[in-house]
Protein chains: 2
Amino acid sequence: MLTIDQMRELSPAEARLLIREGKLDQMGSVADGYMQVNMVCLPEKYADDFREFCRRNPVPCPLVSETAVGDPTVVLDVQKHKLLENGNVATDIPKYCVYHGGDLVSVEKNIVEQWKENYVGFLIGCSFSFEGALHKAGFPSRYRIKGTVVSMYKTNIKLCPSGVFKGYYVVSMRPIKADKIEEVRKITSKYGQCHGSPIAWGYEEALEIGIKDIAKPDYGDPIEILEDEIPVFWGCGVTPQYALVEANLPEEVYSHHPGFPLVLDIHENDFFGL
Amino acid sequence: MLTIDQMRELSPAEARLLIREGKLDQMGSVADGYMQVNMVCLPEKYADDFREFCRRNPVPCPLVSETAVGDPTVVLDVQKHKLLENGNVATDIPKYCVYHGGDLVSVEKNIVEQWKENYVGFLIGCSFSFEGALHKAGFPSRYRIKGTVVSMYKTNIKLCPSGVFKGYYVVSMRPIKADKIEEVRKITSKYGQCHGSPIAWGYEEALEIGIKDIAKPDYGDPIEILEDEIPVFWGCGVTPQYALVEANLPEEVYSHHPGFPLVLDIHENDFFGL
């Protein structure tokens, strides 16, 4: 098993190879500094609605890129960067969710067979992309150190609907010392297409956004919050997956498993011009 | 007094001249097909926070353009289009709000004296821009025909915060026949930078988004809803103004008066490529 520092130093290609071989299934500490993305895969006929859904909700659903229709090995180059070399969106994620009619029907190691020729994958920025920057600045996320999955919660914050897609924000949470919020806001605000700065913080705001029990996340694992810390909430790329489930489409649809995104070949310095 | 058809046929320059002369104070029917924009004016030191606030909330706060700092006659050309010729953002709006410390302190005919050299104006897309298209398609808004101001409501839908700015969506409402919702969604969805398609519709969703009494709008005038109609809600450019008030800044800040936006020289066909 790799140490956290070994995971941080993996290249994206090395990480994806280990994942394909079933030897890595923790993503929060992997390949620090490289873009990680959440994924949903759906029939092309919903693609326009979904794109507009992302455009209308850029904080929880920042669309980074798309695959070619029917081909998960081609990641179209919206930003004119090479995003995925010798990669496959249908195999390079540790765990996939298969949804049908609004229900999770199975969790798969890959979705090669499922990815039909009329399906397109959408890649949505993930807050794991700024874990490296937080770590370097002296704010390593506790879940990374513990080797668990970040805590994620459904909220009562409404999304702007688009066609068949609507729903509510999902957020990720990291405990941060109360007097460090401004510093953490500043660091993460640079990662606009990976949810950017937090959308809420503190126990009072947690209740306001509909999180009744912080110890019971809807996705991922619970995490301890120390006495001098408060919970800080970021938009989360599980949001579009939740909206996809709520859309209750007649076709099967696919996503990454919450907390297990895809690592791309592009470095944050190139993507964000940091 | 002009008839509704005379108002619809005014050119933007003619409309702005009449406004400057105090001869026109209804904007919903003016210069059909031309872009109308809401306005807030604030000290430059808040500009970055405000821009990011718009980026994070593109449906209620679609930023179309900005003035030069200290000069309301220069509308910077984000889209490489000429937006305002021989115009002045400080005089060409029928009514302005002056806010201080979170309170409305006065309503003015112009803000020439108030617009100090460190102030910048932000122009935010207005749903009046698609009134012409609705009218042409057989859905003339009732408030236009009555010569009143569109109904606007504060909601419980949270905005994504940015720096000092946070708050809740404001929405505008138009009664639409229940079986015409899809058609109206399709028409307005083309106007992405003017709030695009509606974010909610029907009496049940009105309650859900926190509108308790549709007969009592927070801004503008009430409007009759016929038996075969339902209320349909769009993002509204009064949202940033409300966020500005909530920010409770120590400096004076300015805005258009809700329902009285600025008409620009650019036609929707050129702006949206319709």
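Residue indices follow the written sequence of each chain, beginning from 1 at its first position. Following the order in which they are written, the chains are lettered starting with A and the ligands numbered starting with 1. Two thresholds apply to this predicted model, a pLDDT of at least 70 for residue-level local features and 80 or more for giving and counting side-chain atom pairs, whereas whole-chain, interface and lining totals are computed over all residues. With hydrogens and water excluded, all non-hydrogen atoms of the structure serve as input to the side-chain values.

**So, the overall build of chain A**
To keep it simple, the criterion reads: Under the DSSP-based scheme used, a helix requires at least four consecutive residues in state H or I and a strand at least two consecutive residues in state E, with every element numbered from the N terminus. Just to be clear, the radius of gyration here is over C-alpha atoms, and the globule rule we use is 2.2 Å times residues to the power 0.38. Accessible area is worked out with a 1.4 Å probe on protein chains only. A residue is then buried under 20% of its type maximum, exposed over 50%, and partly exposed in between. The contact definition used throughout considers only heavy atoms, calling two residues in contact when any of these lie within 4.5 Å. Computed by Shrake-Rupley with a 1.4 Å probe, the accessible areas treat only the displayed protein chains as cover when residues are assessed. Counted as positive: Lys and Arg. Counted as negative: Asp and Glu, with His and the chain ends omitted from the count. In plain terms, the charge of a residue is placed at NZ if it is Lys, CZ if Arg, CG if Asp and CD if Glu.
If you tally the helices and strands in chain A, you get nine helices and 12 strands. Computed over the C-alpha atoms, the radius of gyration of chain A is 17 Å, within 12% of the 19 Å expected from 2.2 N^0.38 for a compact globule of 274 residues. With the C-alpha coordinates aligned to their principal axes, the bounding extent of chain A is approximately 50 × 40 × 35 Å. Taken over 274 residues, chain A has a buried fraction of 59%. Intrachain contacts of chain A at a sequence separation of at least 6 include 75% that bridge at least 24 residues. In the form shown here, chain A has an accessible surface area of approximately 11,100 Å², with 49% of it arising from carbon and sulfur atoms. The distance from the centre of the 28 positive side-chain charges to the centre of the 39 negative ones in chain A is 2 Å.

**Brief notes about the interface of chain B and chain A**
Formally: Two parts placed together each lose some accessible area under a 1.4 Å probe, and the buried area is that loss summed for both. Counted as salt bridges are all cases of a side-chain nitrogen of Lys or Arg within 4 Å of a carboxyl oxygen of Asp or Glu. Here a polar contact is taken to be a pair of N or O atoms separated by no more than 3.5 Å, where protein atoms must pair a possible hydrogen donor with a possible acceptor and residues adjacent in sequence count only if both atoms sit in side chains.
With 21 residues of chain B in contact, the opposing surface of chain A contributes 21 residues. Of the roughly 1,700 Å² buried between chain B and chain A on both sides combined, carbon and sulfur atoms contribute 48%. When the buried surface of chain B facing chain A is broken down by residue, R55, R56 and K158 of chain B rank first, second and third, together holding 31% of it. In this assembly, chain B and chain A are joined by two salt bridges. With a closest N to O distance of 3.3 Å, K158 of chain B and E208 of chain A form a salt bridge. Joining chain B to chain A, the criterion identifies eight residue pairs in polar contact (both at pLDDT 80 or more). At the level of elements, α3 (47-56), β7 (151-158) and β8 (168-177) of chain B are the ones that each hand at least two residues to the side of chain B that touches chain A.

**What about the environment of S162 of chain A?**
Tracing the backbone shows S162 of chain A in the loop between β7 (151-158) and β8 (168-177). S162 of chain A gets classed as buried once you look at its relative accessible area, which sits at 5%. Ignoring any residue separated from it by four or fewer positions in sequence, one finds S162 of chain A in contact with D49, E52, F53 and R56 of chain A together with R185 of chain B. Within polar-contact distance, the side chain of S162 of chain A engages the backbone oxygen of D49 of chain A at 2.8 Å.

**Digging into the relation of the copies chain B and chain A**
Filter applied, for reference: Fitting of the copies onto one another was done by least squares over C-alpha atoms, counting residues only where both copies have pLDDT of at least 70.
Least-squares fitting of chain B to chain A yields an RMSD of 0.0 Å, with the transformation described by 0.0 Å of translation along the axis and a rotation of 180 degrees. Taken together, the rotation and translation relating the two chain copies correspond to the operation of a two-fold axis. When C-alpha distances to the rotation axis are compared across chain B, the minimum falls at I157 of chain B, with a value of 3.2 Å. Mapped onto chain A, 100% of the interface residues of chain B again fall at the interface, so both copies present the same surface.

**Description of the pattern of salt bridges**
Applying the stated criterion to the full structure yields 36 salt bridges over all chains. R55 of chain A is the partner of E52 of chain A in a salt bridge, and the nearest nitrogen-oxygen pair spans 3.0 Å. Of the two residues, E52 of chain A and R55 of chain A are both situated in helix α3 (residues 47-56); the distance of three residues between them amounts to about one turn of the helix. What makes R55 of chain A partly exposed here is its relative accessible area of 36%. A salt bridge links K23 of chain B to E21 of chain B, with the shortest nitrogen-to-oxygen separation between them at 3.2 Å. Put simply, D5, R8, D32 and R144 of chain A are held in one network by salt bridges that share partners.

**Concerning the sheet that holds β8 of chain B**
All names here are of chain B. Operational definition: In this scheme, strands are said to pair when DSSP sees at least two bridges between them. The axes are straight lines fitted to the C-alpha atoms, using for helices just the contacting stretch, and the angles between their N-to-C directions are given from 0 to 180°.
Overall, antiparallel pairing links the four strands, which are arranged β7-β8-β10-β9 in an open sheet. With one partner strand each, in any of the chains shown, β7 and β9 (200-201) form the two edges of the open sheet. For β7 and β8, the ladder comprises five bridges, and the chain directions are antiparallel. Within the sheet, the bridge partner assigned to M152 lies in β8 and is S172. Contacts from helix α6 (residues 181-189) reach β8, β9 and β10 (229-235), with the element oriented near 20 degrees to β10.

**Some thoughts on the sheet that holds β7 of chain A**
Whether parallel or antiparallel, the strands of a sheet pair through hydrogen bonds between backbone atoms. All names here are of chain A. Taken in spatial order, the four strands make up an open sheet running β7-β8-β10-β9, and their pairing is antiparallel. Among the strands making up the open sheet, the edge pair consists of β7 and β9 (200-201). Pairing between β9 and strand β10 (residues 229-235): two bridges, direction antiparallel. By the bridge assignment, W201 is partnered in β10 with V232. Across the sheet, helix α8 (residues 239-247) is in contact with β7 and β8; its angle to β8 comes to roughly 150 degrees.

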